[in-house]
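Results of the structural survey
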Amino acid sequence: MSEKKEGKYLCADLMAVLGVMLLLGLEYMKAAGFMEMPVTYDSALPIAGRWFCLSGAMLLSACTGYVLSTKRLSWRSVKPLLRLIYIYIVSSLGAMLIRRVIFDQYVTKEEIIDMLLDFSATDTARFAGMYIMLILFAPFLSAAFHDLKTYNARLAFLAVTAGISTLQPMLIVSGRYLLPAWCKMLAPFAGFIGGAFVRRYAKNLNRIAYLFLLLLLCGLQTAAVVYICTARGVLYYPQFDSMAALPVMMTALLTLSLFHSDKRGDTPLHRFFSGASGGAVAALIIGDTVIDFALPSLAEYFPEQELLLLAGLGAVPVIFILCCTAGIFAQIPVFLVRALFGEDAYEYEDEEEPESRKAKAKPIRKLEPLNASVPAPEPVPEPQPEPEAETKYIPVREEIPVPEEKPVEKPVPVPEPVPETPVIKKEPVIPVSPVRQDSVDELIAIITKDSESHKGEKKE
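Residues numbered from 1 in each chain as written. Predicted model: local features only at pLDDT ≥ 70, side-chain atom pairs only at ≥ 80, totals over all residues. Heavy atoms only, no water.

With that settled, consider the pattern of salt bridges. Applying the stated criterion across every chain, the model contains 2 salt bridges. Across the pair Arg50 and Asp241 runs a salt bridge, and its minimum N-O distance is 3.0 Å. Here Asp241 lies in the loop between α9 (207-232) and α10 (246-258) and Arg50 lies in helix α2 (residues 44-53), a separation of 191 residues in the sequence. Using a relative accessible area of 9% as the deciding quantity, one classes Arg50 as buried. When the shortest N-O distance is used, the salt bridge between Asp292 and Arg99 registers 3.2 Å. (Salt bridge = Lys/Arg side-chain N within 4 Å of Asp/Glu carboxyl O. Helix = DSSP H or I, 4+ residues; strand = E, 2+ residues; numbered from the N terminus. Buried < 20%, exposed > 50% of the residue type's maximum accessible area, 1.4 Å probe, protein only.)

Okay, here's the thing in C-alpha cells:
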C-alpha cells in the first residue's frame, strides 16, 4: 500500500514537548533541593506539581505508541532510529563538553564510550535510551496489539502489561517488593500500549470526563502523600515515588486522552511543534546540564525556597527552548542529507489500521480459469419431518343448503309518451249532383271546376 503524506499529529508533538518539559521540571525541583524540604500541609501544591512531573516519562512512551502503533517492521520503521542515535550522540558529547568547560569535569575516552553505551552522560540521558528501545520494539508491540481484534482483548492486554510493570514499585510489604525488579523495566512497553489504546478508543468519551478524572486522580494522590508525609516530616512515600507507578501511568494516559485528536496537517503550527518535538531529545539530554549551570544565578535572585520553586515555572520553558534550538541546529547535516537524496519529510507516516482497511476495501472479483473444475455443491441436509400433532375429532354440524335468492330486477320506469294532437285534415267535399245522361259536356265542366277549387285550398 502506498503511503500518503498527510502531515504530523499535532497532539502527539505537543504532548512530547510537554513530556520533556515535565522531566526537566522534575530535575529542576531535585536540583533546587525540594526533596530535602520539610513537608507540611502548605506543601500540597509543590507536591502535586512534582507528582505531575513524574508522569513525563510515561507521557513520552504513550506519545511514541500513539504515533508508531501502526508501523510494521520495515526500513521506514528503522529509519527514525538512525536520526535519533545521531541526535543522542551529538547531544551527549555536547553535554560532556559543557561540563568540562564550566564545571571542570574531565573524562577520558574510555569513560566517554562507557557513558554513551550506558546512557549516563546526564541524569536525563536514560530517557533517550528508553525512547530508542521503544522504537526498536514498536513494530512487534504494534503487531501484538492489532492482532487482538476486539476491545476487551486489547484492554486485557493493556491491563496485564500495566499490572505487571506498574504495580511492582507499589507492592511493598515490610520493605520487600513482592514482584522482581525487572518487572519495572516493562513500564515503557505498558505506556506504548496505552498510547495505542488511547489513539484507538479515546474518542468514545467526552473531554470533560477526562479532565474530571485527571483532577480527581491528582487530588487523591496529593492528599494521600501530604497526609502520610506530614506526620513523617519528610517527603518519603515509595509506593507513589516512582515513574513506573500505576497512578503515574494513568495520569499520562488521561493527559494524552484530553488532547487526543485524529487530525493531521502541514500548517506552520504543525511544522513548529514537529521541529520542537524533533529537538526535544537534545533538550532532554542537554537540559539537565543547563539547569545545573543556571540554578546558582536563580538562587541569588530568589533566596527563599518557595520562590525558587516558583521561578522554575518560567526557567524550565526558557531552558527547553534554548536547548531545543541547539538540537535543531545540530540536525542540519541530517536535513542536508535528506534534501540531497530526496527522502520524505515525514518519517512517521501513518498506515491505516486493519479495521479501516477492511472498511475501505472494495470487493474484488475473483477470476478463475475456464478449465477449472467446478466444485460440487455441498449436500444440503434434508429437512426432517416435524412430528405430527395429535388431532382431536370435532363433530361438524351439517349445514342445510339455503337456496340463493336471485335479486329481483325492478323495471325501469319508462316515461309515457305525450299524445300528439291529431291534425284533422278536411277532405274536400265533392258535391254530387245527379248527372245528366243527356249532357256529357256539363259533367266535364263540373269535374274541372272541382279540381281547380281543390288546388286552391292546398295552396292556402
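Turning to the environment of His260, a few remarks are in order. Structurally, His260 is set in the loop between α10 and β4 (264-265). Along the chain, His260 and Leu10 lie 250 residues apart, while their C-alpha atoms are 9.3 Å from each other. Separated by 2.8 Å, the side chains of His260 and Tyr66 make a polar contact. (Polar contact = N/O pair within 3.5 Å; in protein donor to acceptor, adjacent residues only side chain to side chain.)

Our next topic: the nonpolar core. With 99 residues, the main nonpolar core has Tyr28, Ile47, Tyr66, Val225, Leu235, Leu256 and Phe320 as its most contacted residues. Element by element, the count of residues in this core is highest for helix α1 (residues 10-31), at 12 residues. In this structure, Val225 is in contact with Ile47, Trp51, Thr230, Leu235, Tyr237 and Phe240, ignoring residues within four places of it in sequence. (Core = buried A, V, L, I, M, F, W, Y, C linked by side-chain atoms within 4.5 Å. Contact = heavy atoms within 4.5 Å.)

As a further point, take the packing of aromatic side chains. Two aromatic rings, taken as a pair, are described by how far apart their centres are and by the angle between their planes. By the definition in use, this model includes 6 aromatic pairs. Both rings, one in Phe197 and one in Tyr201, keep their centres 4.9 Å apart while their planes meet at 45°; by these two values the pair is tilted. In this pair, Phe197 and Tyr201 both sit in helix α8 (residues 187-201), 4 residues apart, roughly one turn of the helix. There is no split in this pair, since Phe197 and Tyr201 are both buried. Each residue in the set Tyr151, Phe197 and Tyr201 is aromatic and connected to the rest through ring pairs, giving one cluster. Note that Arg200 overlies the ring of Tyr201, its terminal NZ or CZ placed 5.3 Å from the centroid. (Phe/Tyr/Trp six-rings, centres within 6.5 Å; stacked < 30°, edge-to-face > 60°. Lys NZ or Arg CZ within 6 Å of the ring centre and 35° of its normal.)

Time to look at helix α6 (residues 125-146). A turn of α-helix holds 3.6 residues, and therefore any two residues three or four places apart point the same way. Across its 22 residues, α6 extends 31 Å between first and last C-alpha, which sits within 8% of the 32 Å expected from 1.5 Å per residue. The largest bend along α6 reaches roughly 55° and is located at Phe137, with the proline Pro139 sitting one to four residues downstream. (Expected span 1.5 Å × (residues − 1). Bend = angle between axes of the 7 residues up to and from the residue.)

With that out of the way, let us pick up unusual backbone geometry. If a residue is not glycine, its phi is most likely negative; likewise, a peptide bond is most likely trans. For Asp104, which is not a glycine, the phi torsion comes out positive at approximately 55°. As for its position among the elements, Asp104 is in the loop between α4 (75-102) and α5 (109-118). Take Asp104: its relative accessible area is 64%, and that puts it in the exposed class. For Phe119, which is not a glycine, the phi torsion comes out positive at approximately 55°. Looking at where Phe119 falls in the secondary structure, it is placed in the loop between α5 and α6.

Right, let's get into a negative patch on the surface. Taken together, the side chains of Glu110, Glu111, Asp114 and Asp118 make up a negatively charged region of the molecular surface. On the secondary structure map, Glu110 appears in helix α5. Relative accessible area serves as the criterion here: at 55%, Glu110 is assigned to the exposed category. (Patch = residues over 30% accessible without salt bridge, like charges linked within 9 Å, V, L, I, M, F, W, Y side chains within 5 Å. Areas by Shrake-Rupley, 256 points an atom, 1.4 Å probe, with all protein chains shown as cover. Lys, Arg positive; Asp, Glu negative; His and termini not counted. Charge placed at Lys NZ, Arg CZ, Asp CG, Glu CD.)

It is worth spelling out the confidence of the model for the protein at this point. Averaged over every residue, the pLDDT of the protein is 77; the share at 70 or more is 70%. Low pLDDT (under 50) marks residues 1-5, which in the prediction has 9 contacts with non-local residues, meaning those over four places away or in another chain. Across residues 389-393, confidence stays below pLDDT 50; counting only partners more than four residues off in sequence or on other chains, it has 0 contacts. (pLDDT = per-residue confidence, 0-100.)

The next point concerns a nonpolar patch on the surface. A surface patch of nonpolar side chains, about 470 Å² in accessible area, is lined by Leu97, Val101, Ile102, Phe103 and Phe293. With 3 residues, the top contributor of residues to the nonpolar patch is α4. Within the fold, Leu97 resides in helix α4.

Quick look at α2 now. Within α2, the full set of buried residues consists of Ile47, Arg50, Trp51 and Cys53. Down the axis of α2, the buried set is contained in an arc of 155°. They therefore lie on one face. Against α1, α3 (56-68) and α9 lie the buried residues of α2. (Arc of directions from axis to C-beta.)

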